[in-house]
Amino acid sequence: MKEFTSAGPRSTEIADELLGINSPHQISDAFAVTRTLPNELKRLVDISMNFYWSWQPEGAEIFRGIDPEHWDKCEQNPRHFLDSVSGLRLWQAALDEALVQRIAEFAQRMDAYLGEGQVDLGRLTTDGPAAYFCAEYGIHNSLPTYSGGLGILAGDHLKSASDLHVPLVGIGLLYRYGYFRQRIAHDGWQEEDYLDVFESKLALGPVLDANGERLKVMVHIRGTEVLAQAWLASVGRICLYLLDTNVPENRDVDKLITGHLYGGTAETRIVQEKILGIGGVRLLRKLGISPSVYHLNEGHSAFLTLELAREFMAANTGAEFEAAVSHVRDQCVFTTHTPVSAGNDIFSIEDLRNCFDSNFITALRLSEDEFFDLGRVDPSNDGEAFGMTPLAIRMCRSVNGVSRKHGDVSRGLWAGMFTDLGSADDVPITHVTNGVHHPTWIAPALQRLYREAIGPDWDRTVADPERWRQAVASLDDAAIWTVHLKLKNLLIEFLRLRTKRSDTGGRDTINEHLDTHELLSPDVLTVGFARRVAAYKRWDLLLSDMDRLLALVDSPERPVQFVFAGKAHPQDRTAKEILQQLMSINHGSNWQRRAVFVEDYDQEVARYLVQGVDVWMNVPRRPFEASGTSGMKAAMNGALNFSVLDGWWIEGHNGVNGFAIGPLEPEADEEKADEADAGSLYQVLETQIVPDFYDLGENGLPTRWIARMKDSIATITPQFASDRMVMDYIRRIYDPADQRRDNHAANGIQRRRGQTGRSV
Ligand SMILES: *Cc1c(COP(=O)(O)O)cnc(C)c1O
């Protein structure tokens, strides 16, 4: 694999590197099946080409069963695995009757699942599906097109839509170098590697037109027509189309538009977003898909509304732009994910002018100023930059945040766009609380327990909260605890192995050990903390009183151990310094063997963590956690959340199913709020979590703790399953029946146009 080790390489810097490895011949080779498998294993090719396998417990087991070491070496990528596993292992597998039988049964189950197809639901029909647009998708680690929460959420949305037969297609981008891989140097500093994903056999198919040629769309960028080709990822019953500008006809600099996820400057992002939004709509047209609703998942894809408007104006000579707006708003819904204005994509007018030529603006029958106003909170403010969120709010009939609190925060944040309303409470922004795809995130061993106790339809039972609650309440304490301990042991061995790789025999950072066998213990209360390293996530809160922390870690009777993971954005020096500080703690205490940082947090690491820890900690500065989803994954596996009351946890927490840190409303002074939260964090650990965990009942089990685990699984699974989330979108957001709101936001444009003397 080709590696790039510079931090955030720019498109032009690495353009030369690409020469010679992007001929069409080599691209198609990289995706072809190059190997003939024994007849008994042939269905594995189909299985590997649909991500359905990735959320079936038996899916990974089949591949692992052929050669476990090679499976891990291929990082659980079945395409890569099938192409590179030794012939000896393949023929051993072909002669293993039990394995061959399992493969046949699995293929049959997949055929039946896919055969069931999609059904009409509300406004969505198979002829008029929802088109879901997102800049990143976290389907599985073997498709590295995500960086974090937003991508995982989009992946879970598609998987639930598949399970629920929802007519929906996904549109996104295929990043040649994906997101970076994280390494920690000996001084605790984060370093980044970029891998060429085109060399790693992705489970994608090229999208072809009627003549068998690659289907391509054209988007005008930086003065030339840029081509983007499409790839198809099959996610169960859902088609996910990914656009990629790495085609021979493009200039080198344009081949790299879809090079890095969140890689370069604002200029890189604006051209990526033009490919996503405008290229995405053009792709749907070429595919003959006529969506009944366009779902903008975060503002990155908001340019799609301009393309829809342009189409309308082209088809309706003489129409005013306002008619186009009304037409676009009818079809578009927007989900915002950021609780602070600084977190929203903003482009300078200069960038925008370079990206959209006058032809595009003229086609909308707008002046340049009117065009720029579309992305301004206050259209009369020429000094304001162009924001993708204001554009989306203006052009969509429905806007929602991703938790109850985030809806509230968003109404306040964007009230400036609705100045004709009396108060922020009236701002037409609602919320749909996020969820996670439970079959993806619940450990296979626990799924087996649920299946035995509840029945083969255990995963559907989640849709019936009362029945689910009763079923979970009747689970045997000892059975749950036994499975949990196995998963905890699995996690610890995973961490030891991972840590061994970066082991130097020294003790410079917390993941360098003299003996990794001494690292962590399955008997010790284990707290997981894994999330992006960013100032507002307050990684340093736990470290704010080292004496109090080490007293917990060093306790001879009732110790606590910690597992950390998370990436810092390559350009965020402050975040890297926070990480370095954590890595460099070197006390003469048990810290070194009871705290570990696992590098390169991704979906695979996340799965081990949420399935194996006892407690899942989260301490964001309020109100910066729009929702958060990792805590939901942990809860469904019986881990107890230990979190600041922000985002989803305000809705999830009931006093039994986990622990709250600090008050609902923090003090206004940031320093004081941090201090109060840190105090609460230590106190809850010392007086509630540690005693409950270590207190054993007469049967030798931590009865009180298990009761909390069961309450967590019972209450949080149905409420925060992405099945519930997708159904909420279908009923309340995709279906416009009674949620059409007034054209308030569009009034901003009318005011300006009124001033300039044009008719409204
Ligand atoms: C679930 C998940 C996230 C999102 O979790 P938060 O609660 O928002 O921090 C991020 N990264 C990975 C790899 C995940 O699996």
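Residues numbered from 1 in each chain as written. Predicted model: local features only at pLDDT ≥ 70, side-chain atom pairs only at ≥ 80, totals over all residues. Heavy atoms only, no water.

Looking only at helices and strands, the protein chain has 33 helices and 21 strands in total. Taking 27 Å as the expected radius of gyration for a compact globule of 760 residues, we find that the protein chain reaches 26 Å, a close match to that expectation. With the C-alpha coordinates of the protein chain rotated into their principal frame, the extents come out at 80 × 65 × 55 Å. A total of 760 residues make up the protein chain; the buried ones form 60% of that total. Nonlocal contacts in the protein chain, meaning residues at least 24 apart in sequence, comprise 74% of its contacts between residues at least 6 apart. With an accessible surface of roughly 27800 Å², the protein chain has 49% of that area assigned to carbon and sulfur atoms. Positive and negative side-chain charges of the protein chain, numbering 78 and 107 respectively, have mean locations separated by a distance of 2 Å. (Helix = DSSP H or I, 4+ residues; strand = E, 2+ residues; numbered from the N terminus. Rg over C-alpha atoms; globule rule 2.2 N^0.38 Å. Buried < 20%, exposed > 50% of the residue type's maximum accessible area, 1.4 Å probe, protein only. Contact = heavy atoms within 4.5 Å. Areas by Shrake-Rupley, 256 points an atom, 1.4 Å probe, with all protein chains shown as cover. Lys, Arg positive; Asp, Glu negative; His and termini not counted. Charge placed at Lys NZ, Arg CZ, Asp CG, Glu CD.)

This part covers the side chain of histidine 484. Structurally, histidine 484 is set in helix α23 (residues 477-501). Of note is the side chain of histidine 484, whose polar atom sits 2.6 Å from the side chain of aspartate 614. For histidine 484, the contacting residues outside a window of four places in its chain are Gly612, Val613, Asp614 and Met709. (Polar contact = N/O pair within 3.5 Å; in protein donor to acceptor, adjacent residues only side chain to side chain.)

Neighbouring the ligand are 13 residues, the closest being Trp441, Ala606, Thr629, Ser630 and Lys633. Here threonine 629 contributes a backbone N or O atom positioned 3.0 Å from an oxygen atom of the ligand. Taking lysine 633, its side chain carries an N or O atom lying 2.6 Å from an oxygen atom of the ligand. The fraction of the free accessible surface of the ligand (380 Å²) that becomes covered by protein chains is 91%. Taken together, the residues of the shell around the ligand sort by class into four nonpolar, six polar and three charged. (Near = heavy atom within 4 Å. Nonpolar A, V, L, I, M, F, W, Y, C, P; charged D, E, K, R; others polar.)

The final tally for this structure, using the stated rule, is 51 salt bridges. Note that aspartate 459 and arginine 460 form a salt bridge whose closest N and O atoms lie 3.9 Å from each other. For arginine 548, the salt bridge goes to glutamate 686, with nearest N and O atoms at 2.9 Å. Separated by 138 residues along the polypeptide, arginine 548 in helix α24 (residues 546-554) and glutamate 686 in helix α30 (residues 670-694) bring together distant segments of the chain. According to the relative accessible area criterion, glutamate 686 is partly exposed, its value standing at 31%. The network of salt bridges with shared partners includes Arg538, Arg621, Arg622, Glu670, Asp674 and Asp677. (Salt bridge = Lys/Arg side-chain N within 4 Å of Asp/Glu carboxyl O.)

Attention now moves to helix α18 (residues 404-413). Taken together, the buried positions of α18 are occupied by His406, Gly407, Ser410 and Arg411. For α18, the angular spread of buried residues about the axis comes to 145°, placing them on one side. Buried residues belonging to α18 abut β14 (398-401) and β15 (430-431). (Arc of directions from axis to C-beta.)

This part is about the packing of α30 against helix α31 (residues 703-719). Two elements in contact, α30 and α31, have axes whose closest approach is 6 Å; the angle formed by their N-to-C orientations is 110°. Accordingly, the angle class assigned to the pair α30 and α31 is roughly perpendicular. Between α30 and α31, the residues in contact are Ile689, Pro691, Asp692 and Phe693 and Arg704, Trp705 and Arg708, respectively. Along the lines of polarity and charge, the residues of the contact of α30 with α31 split into four nonpolar, no polar and three charged. (Axes fitted to C-alpha atoms, helices over the stretch in contact; angles between N-to-C directions. Parallel < 35°, antiparallel > 145°, perpendicular 65-115°, else oblique.)

Low-pLDDT stretches of the model should not have their predicted coordinates read in fine detail. Taken as a whole, the protein chain shows an average pLDDT of 90; of its residues, 90% reach a score of 70 or greater. pLDDT under 50 marks residues 1-30. Its contacts with residues more than four places away, or in other chains, come to 59 contacts. Considering only residues more than four positions removed or in separate chains, one finds that residues 750-760, a stretch of pLDDT under 50, has 21 contacts. (pLDDT = per-residue confidence, 0-100.)

What follows is about a negative patch on the surface. Together, Glu667, Asp669, Glu671 and Glu675 make up a region of like negative charge exposed at the surface. Mapped onto the fold, glutamate 671 is located in helix α30. (Patch = residues over 30% accessible without salt bridge, like charges linked within 9 Å, V, L, I, M, F, W, Y side chains within 5 Å.)

Moving on: the sheet that holds strand β19 (residues 615-618). If you trace the six strands from one edge of the open sheet to the other, you get β18-β17-β16-β19-β20-β21, paired in parallel fashion. With one partner strand each, in any of the chains shown, β18 (595-597) and β21 (658-661) form the two edges of the open sheet. The sheet shows a mean angle of 20° between the axes of neighbouring strands, taken without regard to direction. Two elements, strand β16 (residues 525-530) and β19, share two bridges in a ladder whose sense is parallel. Pairing of glycine 528 across the sheet is with tryptophan 616, part of β19. (Pairing = 2+ DSSP bridges.)

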